[in-house]
Amino acid sequence: GEDVEQSLFLSVREGDSSVINCTYTDSSSTYLYWYKQEPGAGLQLLTYIFSNMDMKQDQRLTVLLNKKDKHLSLRIADTQTGDSAIYFCAESPAINTNAGKSTFGDGTTLTVKP
Amino acid sequence: NAGVTQTPKFQVLKTGQSMTLQCAQDMNHNSMYWYRQDPGMGLRLIYYSASEGTTDKGEVPNGYNVSRLNKREFSLRLESAAPSQTSVYFCASSVDLENSPLHFGNGTRLTVT
């Protein structure tokens, strides 16, 4: 079945770059998303990439997509303590072809140490 | 602009009790969803509504029912709560089912004793 996988934990020092990786299986996905969840809150859309793009940059965030390997990464430059959160990778819902299956990864908990 | 609003924020139930979680969105979105989030299991889709008047089962629908009351509101009902339903519940909405990001509420933390 369709699946999205991420490593569960990442710890970095303030000022370093963080790279969060994700693999997915649905080759028909049109959009791939990164969401951020802070403690006690819901998920918020951080950024997204269209499947015909290789890279997207948005201020400190860089998204890289390797469609051949079905690999997505999120790079956060100059990571700050405020970036500590859980980051979810997700593929665009393909409910008609994948009914009932969640398209979110399990989330990567990023801890930024001062 | 409130976005997606869920009530209540916290709830404690005894086994066998019933309750309804409320969700409303003010973004004129067609599609709405209910997820549960459990440690080590990520987000799991319970039910979704592609558009007003339709609802469909997600990955883990057993023990739940939903109502799409109108375009704005999508409620989740637990008829007879069980300890296994202790979780954080998130409502979300999107413009349409495909190729549009989800907007989430802040969640309802439910404990069933």
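In case you missed it, the structure is sitting above this.
Heads up: these notes are all about the structure in this document. Every chain is numbered on its own, with residues counted from 1 as its sequence reads. Chains carry letters from A onward and ligands carry numbers from 1 onward, assigned in written order. Confidence filtering applies because this is a predicted model: local features only for residues at pLDDT of at least 70, side-chain atom pairs given and counted only at 80 or more, and all residues used for totals across whole chains, interfaces and linings. Only heavy atoms go into the side-chain values, all of them from the structure, while hydrogens and water stay out.

**Considering the overall build of chain A**
This is how it is decided: The secondary structure listing takes helices from DSSP runs of H or I that are at least 4 residues long and strands from runs of E that are at least 2 residues long, numbered from the N terminus. When a residue's accessible area, from a 1.4 Å probe over protein chains only, is under 20% of the maximum for its type it is buried; when over 50% it is exposed; and in between it is partly exposed. Contacts: residue pairs with any heavy atoms within 4.5 Å of one another. Surface accessibility in these figures is a Shrake-Rupley result with a 1.4 Å probe; residues are shielded only by whichever protein chains are displayed.
The secondary structure content of chain A amounts to zero helices and 10 strands. Its helices and strands taken in sequence order, chain A reads β-β-β-β-β-β-β-β-β-β from the N to the C terminus. Counting the 114 residues in chain A, one finds 44% classified as buried. Long-range pairs, those at least 24 residues apart, make up 56% of the contacts in chain A between residues at least 6 apart in sequence. Of the accessible surface of chain A, which amounts to about 5,600 Å², a share of 48% is contributed by carbon and sulfur atoms.

**Re the side chain of Gln-85 of chain B**
All names here are of chain B. Defined as follows: Under this definition, polar contacts are N or O atom pairs within 3.5 Å; protein pairs additionally need one hydrogen-donor-capable and one acceptor-capable atom, and for neighbouring residues in sequence, both atoms have to be side-chain atoms.
Note that Gln-85 resides in the loop between β8 (74-78) and β9 (87-94). Judged by relative accessible area, Gln-85 falls into the buried class, the value being 5%. There is a polar contact of 3.1 Å between the side chain of Gln-85 and the backbone oxygen of Gly-63. Excluding residues that lie within four positions of it along the chain, Gln-85 makes contacts with Arg-36, Asn-62, Gly-63, Tyr-64, Leu-78, Ser-80, Leu-110 and Val-112.

**Side note on the pairing of β8 of chain B**
Residue and element names in this part refer to chain B. To keep it simple, the criterion reads: Any two strands with at least two DSSP bridges between them are considered paired.
In terms of burial, β8 is a largely internal element, four of the five residues being buried. As judged from the three bridges shared by strand β3 (residues 19-25) and β8, these two strands associate in the antiparallel manner. Each bridged residue has a counterpart across the sheet, and for Thr-20 the counterpart in β8 is Arg-77. In this structure, strand β7 (residues 64-68) lies alongside β8, joined through five bridges in antiparallel fashion. Note that in β8 the partner of Arg-68 across the bridge is Phe-74. Counting the residues in the hairpin turn of β7 and β8 gives five residues.

Everything listed is a geometric property; what it means functionally is a separate question.
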